[in-house]
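So the chains spell out like this:
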Amino acid sequence: MSGKSVGDGVLRSKVKFSVIPETQQSPYKELFPAFDGKGLVRAEPGGFVYHQNFADNCHKIYNMKVRSDDVWIRTFPRSGTTWTSELTWLIMNDCNFEEAARVGQPIRSPNLDANYINHWDKFAAEGSFDTMDIITIDEIEKMPSPRVLKCHLPFDLLPPNLLDTAKVIYVARNPKDAIVSLFYFHKLVNLCTFTGDLETFVDYFLDNKVLWTPYFGTVLDAWGKRSHPNLLILFYEDMKKDIRAQIKRISTFLNKPVTPEQIEKLVDHVRFDKFSKNESVNYTKEIKAGVGKDDPNNTFVRKGQTGGWKNHFSPEVNRKIDEWIAKNLEGTGLKFVTELNDQ
Ligand code: PPS
């Protein structure tokens, strides 16, 4: 794809995808068997790594019609997307908790790129594909307003008028906890199964050969636009520290006032122990239908802690990650909280 627009009125992204050779070779193809030896592709410019299925369909997202009353939530995966989407959807929908329980979050607040992590139908148990909460881009285009959409994509792969047209919330989480959480996600979700250990995963992650990497590409892409009036940046760790304050920030940003009673109901609704059992948000149905492993010790809404990485990284791995963080944050003014006393 090249050029900005073509005669048929379809916008073309400047981004081009090509296969990452190492991801088609051993040991990668054995470590990530869900990719069938076909590996992953990288977008240039930007370096964004994804499945070929995304590259084949990314024009649909790039060409979406952005509405002025849309809210788009952007994150690096495992950074609080589901938590923030739930609060945002409820704030945008007058705290309609009944509807939030009745309709699964993937339908109310769909993830634009999740359909393209791999070919879901390949992993669904027989007859279960149609029962899953999957919604296509065509269906998202027809959703009633206001829409609360989410994705893990950099701005380059999103409609070019997004930020000037709609409100965007970016949620960032310190990379150490995001890496650990993404590792467990790869152990849980069959679409991207990883068979190796955490240390090996970290190496591929830092080398930008894991789905959705490079981590800093997505985060700094948003951080660089932080003064844009349509962008709100939230941090997972701030949400852990004081969820009420972050709910108020979201409500002010969206111009959707919430009463003190509603705030308390929202806080209770997303309380971790309750949220992890909420089948409207925790993907139980999809996991049981074959997309994931039904493991009580590794669930989609898993631990919900800041600093869990300390139980996972050896001093050597931690040093490597510290160096990588320092190198990438140099001169950006961005700092991460990686430990919290009160949470
Ligand atoms: S995904 O797969 O990208 O959509 O995941 P995402 O929702 O971004 O992030 C999942 C992590 O967020 C934790 N989580 C929460 N923490 C605190 N409170 C609430 N309510 C909450 N909901 C989700 C979830 O447990 C994942 O983090 P880890 O560290 O794996 O527990």
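Residues numbered from 1 in each chain as written. Predicted model: local features only at pLDDT ≥ 70, side-chain atom pairs only at ≥ 80, totals over all residues. Heavy atoms only, no water.

How do you make sense of the environment of G292 when you look at a structure like this?
Positionally, G292 belongs in the loop between helix 16 (284-291) and helix 17 (315-329). The buried category is assigned to G292, whose relative accessible area is 10%. Taking the C-alpha atoms as reference points, G292 and V148, separated by 144 residues in sequence, lie 25 Å from one another. Filtering out sequence-adjacent residues up to four positions away, G292 remains in contact with L188, V189, N190, E286 and I287. (Helix = DSSP H or I, 4+ residues; strand = E, 2+ residues; numbered from the N terminus. Buried < 20%, exposed > 50% of the residue type's maximum accessible area, 1.4 Å probe, protein only. Contact = heavy atoms within 4.5 Å.)

Help me understand helix 9 (residues 175-188) in this model?
In an α-helix, one turn spans 3.6 residues, which is why side chains three or four residues apart end up on the same side. Counted at 1.5 Å a residue, the expected span for helix 9 with its 14 residues is 20 Å, and the 19 Å between its end C-alpha atoms agrees. Summarising burial for helix 9: 12 of the 14 residues are buried, a large majority. Close packing links the buried residues of helix 9 with helix 10 (198-206), helix 11 (215-223), helix 16 and helix 17. (Expected span 1.5 Å × (residues − 1).)

I would appreciate a short explanation of the packing of aromatic side chains in the present structure.
Two aromatic rings are characterised by how far apart their centres lie and by the angle between their planes. For the structure on display, the rule yields 29 aromatic pairs. Centre to centre, the rings of Y50 and F54 are 4.7 Å apart; their planes meet at 25°, and the pair counts as stacked. Exposure class is identical for Y50 and F54. Each is buried. Ring centres 6.3 Å apart and planes at 75° place the aromatic pair F235 and F336 in the edge-to-face group. Linking F235 in strand 7 (residues 231-235) with F336 in the segment after helix 17, this pair joins segments that are 101 residues apart in sequence. For F235, a relative accessible area of 17% puts it in the buried group. The class for F336 is buried, based on a relative accessible area of 15%. Over the aromatic face of F253 sits the side chain of K167, whose NZ or CZ is 5.1 Å from the ring centroid. Above the ring of W223, the side-chain terminus of R226 is found at 4.2 Å from the ring centroid. (Phe/Tyr/Trp six-rings, centres within 6.5 Å; stacked < 30°, edge-to-face > 60°. Lys NZ or Arg CZ within 6 Å of the ring centre and 35° of its normal.)

When you look at the side chain of N230 in this model, what are you seeing that I'm missing?
On the secondary structure map, N230 appears in the loop between helix 11 and strand 7. Assessed through its relative accessible area of 16%, N230 is described here as buried. A polar atom in the side chain of N230 sits 2.7 Å from the backbone oxygen of L163. Every residue in contact with N230, bar those within four places of it in the chain, is listed here: L163, D164, T165, A166, K167, V168 and F253. (Polar contact = N/O pair within 3.5 Å; in protein donor to acceptor, adjacent residues only side chain to side chain.)

Just to check I follow, could you spell out the environment of D295 for this structure?
Secondary-structure assignment places D295 in the loop between helix 16 and helix 17. Look at D295 and you get partly exposed, because its relative accessible area is 31%. Of the polar contacts made by the side chain of D295, one reaches the backbone nitrogen of N297; its length is 2.7 Å.

Honestly, the site of the ligand in this entry has me stumped. Any pointers?
Near the ligand, the surroundings consist of 20 residues, among which T81, T82, S181, R302 and K303 are the closest. Here an oxygen atom of the ligand sits 2.9 Å away from a polar atom, N or O, in the main chain of R78. Here an oxygen atom of the ligand sits 2.6 Å away from a polar atom, N or O, in the main chain of K303. Within the complex, the protein chains bury 97% of what would otherwise be the 640 Å² of accessible surface of the ligand. Secondary-structure elements contributing two or more residues to the shell around the ligand are helix 3 (81-92), helix 9 and helix 15 (272-276). Considering each element in turn, the shell around the ligand owes the most residues, three residues, to helix 3. (Near = heavy atom within 4 Å. Areas by Shrake-Rupley, 256 points an atom, 1.4 Å probe, with all protein chains shown as cover.)

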